[in-house]
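Structural overview
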Amino acid sequence: MFLNINHIDILDLILKGILIGIIASAPMGPVGILCIQRTLNKGRWYGFATGFGAAVSDMLYALITGLGMSFIMDFISSPQALFILKISGSLILMAFGIYSFKSNPTKKIHKSGKKKGSLIYNMATAFGVTIFNPLIIFLFIASFAQFAFIRPDHPFEMGVGYFCIFLGALLWWFGLTWLIDQIRGKFDTSGILLINKIIGCIVIIFSAIMLVGTAFNLYTISI
């Protein structure tokens with residue numbers, strides 16, 4: 001029975017980790033534009049290497065956020081405090097979705113160079129672009145709160161969960177570069193705007209469902 005419970009916990013964190021990784025990577029920020037440009041100009045694997053560098057940076061921020069929240073979670077044990085944390089997480093995610101829907105990332109396009117460079121160089125430059133965006137911590141705080149991702153007393157399960165955040169990010173970049181490569185001749189700035197609006201809509205709808213579910217106690221997520 002004990003092994004079965006651990007197995008369920010790990011599976012739960014795997015699914016949540018992958019979803020959080022996708023949520024953190026999907027919005028079309030500077031590195032997303034850079035990934036698309038490199039896919040179009042240099043080839044799919046150069047675009048994926050760009051996404052890989054961004055995923056490493058996101059993973060570091062996820063670890064920083066998780067360690068900080070693990071400390072806080074030791075002091076948050078009442079259902080009321082957890083309820084407020086989840087509601088706050090839903091509202092932050094919704095605000096993030098609205099911002100993503102209304103923003104125009106093409107106005108701040110970071111032009112990729114004509115030289116291909118090595119895959120490691122493309123990875124490193126994307127890491128540099130992403131690591132100087134600490135605002136993603138707020139997105140991780142909101143996601144961790146709403147998904148009840150933090151399990152302070154389960155280091156092994158948390159390690160698996162963090163790895164799955166990285167995996168979810170890689171899945172997003174793999175899928176995005178595949179899509180851009182398939183429609184290479186038809187993709188322009190309007191395509192970037194469309195993707196950003198679709199992502200924004202999905203985040204808004206998803207966060208609204210979770211907000212209503214939490215507010216009216218339609219579902220519970222144990223910590």
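Residues numbered from 1 in each chain as written. Predicted model: local features only at pLDDT ≥ 70, side-chain atom pairs only at ≥ 80, totals over all residues. Heavy atoms only, no water.

Moving on: the overall build of the chain. Counting secondary structure elements, the chain contains eight helices and zero strands. In the chain, the order of α-helices and β-strands from amino to carboxyl end is α-α-α-α-α-α-α-α. A separation of at least 24 residues holds for 89% of the contacts in the chain among residues at least 6 apart in sequence. A total of about 11,800 Å² of accessible surface is found on the chain, and carbon and sulfur atoms cover 74% of it. (Helix = DSSP H or I, 4+ residues; strand = E, 2+ residues; numbered from the N terminus. Contact = heavy atoms within 4.5 Å. Areas by Shrake-Rupley, 256 points an atom, 1.4 Å probe, with all protein chains shown as cover.)

Taken from the UniProt record, the annotation "transmembrane region" (unreviewed entry) applies to residues 13-36, 48-73, 79-99, 119-148, 160-180 and 192-219. Structurally, residues 119-148 is divided into 80% helix and 0% strand, and its ends, taken at the C-alpha atoms, are 36 Å apart. Structurally, residues 160-180 is divided into 100% helix and 0% strand, and its ends, taken at the C-alpha atoms, are 30 Å apart. (UniProt positions renumbered as here; feature names shortened; annotations may be inferred.)

Here the focus is the packing of aromatic side chains. For the structure on display, the rule yields eight aromatic pairs. Each ring, one from Trp 45 and one from Phe 48, has its centre 5.8 Å from the other, and the planes form 90°; the classification is edge-to-face. Here the residue Trp 45 and the residue Phe 48 both occupy positions in helix α3 (residues 44-73), the gap between them amounting to three residues, near one helical turn. A relative accessible area of 48% means that Trp 45 is categorised as partly exposed. One aromatic cluster is present, formed by Phe 140, Phe 144, Phe 149 and Tyr 162 through successive ring pairs. Against the face of Trp 45 rests Arg 44, its NZ or CZ located 5.0 Å from the ring centre. One Lys or Arg, Arg 44, reaches over the ring of Phe 174 and ends 4.3 Å from the middle of that ring. (Phe/Tyr/Trp six-rings, centres within 6.5 Å; stacked < 30°, edge-to-face > 60°. Buried < 20%, exposed > 50% of the residue type's maximum accessible area, 1.4 Å probe, protein only. Lys NZ or Arg CZ within 6 Å of the ring centre and 35° of its normal.)

Moving on to the nonpolar core. Soluble, globular proteins show a tendency: their nonpolar side chains are buried together. Grouped together as the largest cluster of nonpolar side chains are 43 residues, with contacts concentrated most on Phe 140, Phe 144, Phe 149, Tyr 162, Ile 165, Trp 173 and Leu 176. Taken together, the elements giving at least two residues each to this core come down to α1 (2-25), α2 (30-41), α3, α6 (136-146), α7 (155-182) and α8 (189-215). When residues no more than four places from it in sequence are discounted, the contact partners of Phe 140 are Ile 20, Ala 24, Asp 58, Tyr 61, Ala 62, Thr 65 and Ile 165. (Core = buried A, V, L, I, M, F, W, Y, C linked by side-chain atoms within 4.5 Å.)

Moving on: a nonpolar patch on the surface. A contiguous nonpolar surface patch, about 310 Å² in accessible area, is contributed by Trp 45, Leu 119 and Phe 174. Note that Leu 119 resides in helix α5 (residues 119-131). (Patch = residues over 30% accessible without salt bridge, like charges linked within 9 Å, V, L, I, M, F, W, Y side chains within 5 Å. Salt bridge = Lys/Arg side-chain N within 4 Å of Asp/Glu carboxyl O.)

Its place among the elements puts Asn 196 in helix α8. Separated by 97 residues in sequence, Asn 196 and Tyr 99 have C-alpha atoms that sit 9.9 Å apart.

According to the stated counting rule, one finds two salt bridges in the structure shown. The salt bridge partner of Lys 16 is Asp 12, with a shortest N-O separation of 3.0 Å. Placement of the pair is Lys 16 and Asp 12 together in helix α1, with a separation of four residues, close to one helical turn. The exposure class assigned to Lys 16 is buried, which follows from its relative accessible area of 10%. For Asp 12, a relative accessible area of 27% translates into the label partly exposed.

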